[in-house]
Amino acid sequence: MSSIRSFTALASGAAEAAKAHLTMVTYNLLAPKCATSGMHSNCPPQFLDIAYRGPRIIQELLGFGADILCLQEAIYYGRAVRPSDFIKGPEEGIALVYRSGRLTRVASTPVRLGDLVDRSLTGRFWDRVRDLQDGAIWSLLHDNQAR
């Protein structure tokens, strides 16, 4: 499979300088149930099929070479990463994947955002926020290359 996107090579010497920095990518993978819901009718159906998209998404993510991947709608892609590198969020739709050769997990906590809303706040808006299943992963990672 050829590269889906083209990437610009770093100038000579820039690769060594880049190693001093962490790279992070956030990516919405578009869950299969969302891809086939009819919201993407402008795209031919064969390109929305998980059998077509899955390998290309993995290739795209690997192509970034990121130290940290923050993934949304990730439930269908967790098998592609080693369990020690994968932190599942409060909903099966989010995940934090990190390069274990570079980073060590010190602590992580999946959080459902609705649980953070103070019960003293009332009204339809706050009730709706409390009912949301959206979440986040709060994680502390140690950079093994830090001085």
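Below: a short report on this structure. (Residues numbered from 1 in each chain as written. Predicted model: local features only at pLDDT ≥ 70, side-chain atom pairs only at ≥ 80, totals over all residues. Heavy atoms only, no water.)

So, the overall build of the chain
Phase 1 of the analysis: Broken down by element type, the chain carries 5 helices and 6 strands.
Phase 2 of the analysis: For the chain, the N- to C-terminal ordering of α and β elements is α-β-α-α-α-β-β-β-β-α-β.
Phase 3 of the analysis: A buried classification covers 27% of the 147 residues belonging to the chain.
Phase 4 of the analysis: Excluding contacts between residues fewer than 6 apart, the proportion of contacts in the chain whose partners are at least 24 apart in sequence is 62%.
Phase 5 of the analysis: For the chain, the computed accessible surface area is about 10,000 Å², with 57% contributed by carbon and sulfur atoms. (Helix = DSSP H or I, 4+ residues; strand = E, 2+ residues; numbered from the N terminus. Buried < 20%, exposed > 50% of the residue type's maximum accessible area, 1.4 Å probe, protein only. Contact = heavy atoms within 4.5 Å. Areas by Shrake-Rupley, 256 points an atom, 1.4 Å probe, with all protein chains shown as cover.)

A look at the pairing of strand E2 (residues 68-72)
Phase 1 of the analysis: As paired strands, strand E1 (residues 24-28) and E2 are joined by 5 bridges and run parallel to one another. Residue pairing across strands places valine 25 opposite leucine 69, the latter belonging to E2.
Phase 2 of the analysis: Taken together, the 5 bridges between E2 and strand E4 (residues 94-98) define a ladder with antiparallel strand orientation. Bridge assignment links glutamine 72 to a residue of E4, and that residue is isoleucine 94. (Pairing = 2+ DSSP bridges.)

Re the side chain of aspartate 67
Phase 1 of the analysis: Its place among the elements puts aspartate 67 in the loop between helix H4 (50-64) and E2.
Phase 2 of the analysis: Judged by relative accessible area, which is 8%, aspartate 67 ranks as buried.
Phase 3 of the analysis: Among the polar contacts listed, one links the side chain of aspartate 67 to the backbone nitrogen of threonine 23, at a separation of 2.9 Å.
Phase 4 of the analysis: Not counting residues within four places of it along the chain, the set of residues in contact with aspartate 67 comprises His21, Leu22, Thr23, Val97, Tyr98, Arg99, Arg102 and Leu103. (Polar contact = N/O pair within 3.5 Å; in protein donor to acceptor, adjacent residues only side chain to side chain.)

Digging into the environment of valine 111
Phase 1 of the analysis: Within the secondary structure layout, valine 111 lies in strand E5 (residues 103-112).
Phase 2 of the analysis: The spatial distance from the C-alpha of valine 111 to the C-alpha of tryptophan 138 is 7.3 Å, given a sequence separation of 27 residues.

Brief notes about the nonpolar core
Phase 1 of the analysis: Grouped together as the largest cluster of nonpolar side chains are 11 residues: Val25, Tyr27, Leu29, Ile57, Leu61, Ala66, Leu69, Leu71, Ala74, Ala95 and Val97.
Phase 2 of the analysis: Apart from the residues within four sequence positions on either side, leucine 61 is in contact with Tyr27, Leu29, Leu69 and Leu71. (Core = buried A, V, L, I, M, F, W, Y, C linked by side-chain atoms within 4.5 Å.)

Observations concerning the packing of aromatic side chains
Phase 1 of the analysis: Applying the stated criterion across every chain, the model contains 3 aromatic pairs.
Phase 2 of the analysis: Lying across the ring of tyrosine 52, arginine 56 places its NZ or CZ 3.8 Å from the centre. (Phe/Tyr/Trp six-rings, centres within 6.5 Å; stacked < 30°, edge-to-face > 60°. Lys NZ or Arg CZ within 6 Å of the ring centre and 35° of its normal.)

Points about the pattern of salt bridges
Close approach of charged atoms allows side chains of opposite charge to pair.
Phase 1 of the analysis: Under the criterion given, the structure shown has 5 salt bridges.
Phase 2 of the analysis: Its salt-bridge partner being arginine 102, residue aspartate 67 comes within 3.7 Å of it at the nearest N-O pair. Linking aspartate 67 in the loop between H4 and E2 with arginine 102 in the loop between E4 and E5, this pair joins segments that are 35 residues apart in sequence.
Phase 3 of the analysis: Among the salt bridges present, the one from arginine 102 reaches aspartate 143, with a minimum N-O distance of 2.8 Å. Note that arginine 102 is positioned in the loop between E4 and E5 and aspartate 143 in strand E6 (residues 135-143), a separation of 41 residues in sequence. As far as burial versus exposure is concerned, arginine 102 and aspartate 143 are alike and both buried. (Salt bridge = Lys/Arg side-chain N within 4 Å of Asp/Glu carboxyl O.)

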